[in-house]
2 protein chains.
Amino acid sequence: MNLFRFFSRGQSAPAARERLQVLLAHERAATGDSDLVNKLRDEILKAISKHMQIDDEKVSIKMERGAQVSTLAVDIEIPFNGNKKAA
Amino acid sequence: MNLFRFFSRGQSAPAARERLQVLLAHERAATGDSDLVNKLRDEILKAISKHMQIDDEKVSIKMERGAQVSTLAVDIEIPFNGNKKAA
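Throughout what follows, the structure given in this document is the object of discussion. (Residues numbered from 1 in each chain as written. Chains lettered and ligands numbered in written order. Predicted model: local features only at pLDDT ≥ 70, side-chain atom pairs only at ≥ 80, totals over all residues. Heavy atoms only, no water.)

**Some words on the pattern of salt bridges**
All names here are of chain A. The criterion, for reference: By definition here, a salt bridge exists when the distance from a side-chain nitrogen of Lys or Arg to a carboxyl oxygen of Asp or Glu is within 4 Å. Here a strand is any run of E in DSSP of at least two residues, a helix any run of H or I of at least four, and the numbering for each starts at the N terminus.
For the structure on display, the rule yields 10 salt bridges over all chains. A salt bridge links aspartate 35 to arginine 65, with the nearest nitrogen and oxygen atoms 3.4 Å apart. You can see aspartate 35 sitting in the loop between β1 (18-27) and α2 (36-51) and its partner arginine 65 sitting in strand β2 (residues 59-65), a full 30 residues away along the chain.

Set out below in structure tokens:
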């Protein structure tokens, strides 16, 4: 899991764009739902797109499945006026 | 921001429950939407509750607002059969 590396970059804001990062970690018991992270990925992307215009080319999605922990990292670069949708 | 501390705990799965962690970081430009994290919090919680039963007492939500970066940390302890909703 590259959680630390993921969040340690990009903490200084560039001047003309903003960024949204979503990190999801699911640590499951033996009986757990292994597909939960996948389901939540779609729901969360849908939720985000309600509030801003998302350019598919500016979205990076990384998913890692482990035996006990699955992680999802979504990194969205928001264009200058991309967040005007819900204004 | 306590991002590192948040994710460094709880990475070994307990036997009888599972856990979901959502970490959201919004790094905004000067013109950015300061309330975006708040909006997304509600949407993401709604999305999660579609897929599992969430006990309010087992949910920890921490939000930090900085001048340029806002973060949201949601930590959900899922009861043993809590993820059967979407099965």
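**Quick word on the sheet that holds β2 of chain A**
Here is the rule: Whether two strands pair depends on DSSP finding at least two bridges between them. To get an axis, a line is fitted to the C-alpha atoms, and for a helix only the part in contact is used. The angle between two axes follows their N-to-C directions and goes from 0 to 180 degrees. Working rule for contacts: check all heavy atoms of both residues, and any pair within 4.5 Å makes them a contact.
If you trace the six strands from one edge of the open sheet to the other, you get β2(A)-β3(A)-β1(A)-β1(B)-β3(B)-β2(B), paired in antiparallel fashion. Two strands lie at the open edges of the sheet, namely β2 of chain A together with β2 (59-65) of chain B, each paired on one side alone. Across the sheet, the mean angle from the axis of one strand to that of its neighbour is 5°, orientation sign disregarded. Two strands pair when backbone bridges link them, and β2 of chain A and strand β3 (residues 69-78) of chain A are joined in this way by seven bridges, in the antiparallel orientation. Looking across to β3 of chain A, one finds that lysine 62 of chain A is bridged to alanine 73 of chain A. Against the sheet, α2 of chain A touches β1, β2 and β3 of chain A together with β1 (18-27) and β3 (69-78) of chain B, its axis set at about 155° to β1 of chain A. Together, β1 and β3 of chain A together with β1, β2 and β3 of chain B form the strand contacts of helix α2 (residues 36-51) of chain B, whose direction differs from that of β1 of chain B by roughly 155°.

**Looking at the environment of leucine 36 of chain A**
Filter applied, for reference: With a 1.4 Å probe rolled over the protein chains alone, any residue whose accessible area is under 20% of its type maximum counts as buried; one over 50% counts as exposed, and the rest are partly exposed.
By secondary structure assignment, the location of leucine 36 of chain A is in helix α2. With a relative accessible area of 0%, leucine 36 of chain A lands in the buried category. With 34 residues separating them along the chain, leucine 36 of chain A and serine 70 of chain A place their C-alpha atoms 9.1 Å apart. Those residues within four positions of leucine 36 of chain A in sequence are excluded, and the remaining contacts are His26 of chain A together with Leu20, His51, Met52 and Ile78 of chain B.

**Here we look at the pairing of β1 of chain B**
Counting buried residues along β1 of chain B, 10 of its 10 residues qualify, which places the element largely inside the surrounding structure. Residues of β1 of chain B alternate between two faces, with Glu18, Leu20, Val22, Leu24 and His26 of chain B on one and Arg19, Gln21, Leu23, Ala25 and Glu27 of chain B on the opposite face, all of them buried. Direction of pairing for β1 of chain A relative to β1 of chain B: antiparallel, over a ladder of nine bridges. Bridging from a neighbouring strand, glutamate 27 of chain A pairs with arginine 19 of chain B of β1 of chain B. Pairing of β1 of chain B with β3 of chain B involves 10 bridges; the strand directions are antiparallel. Across the sheet, leucine 20 of chain B pairs through a bridge with isoleucine 76 of chain B, a residue of β3 of chain B.

By themselves these figures say nothing about function.
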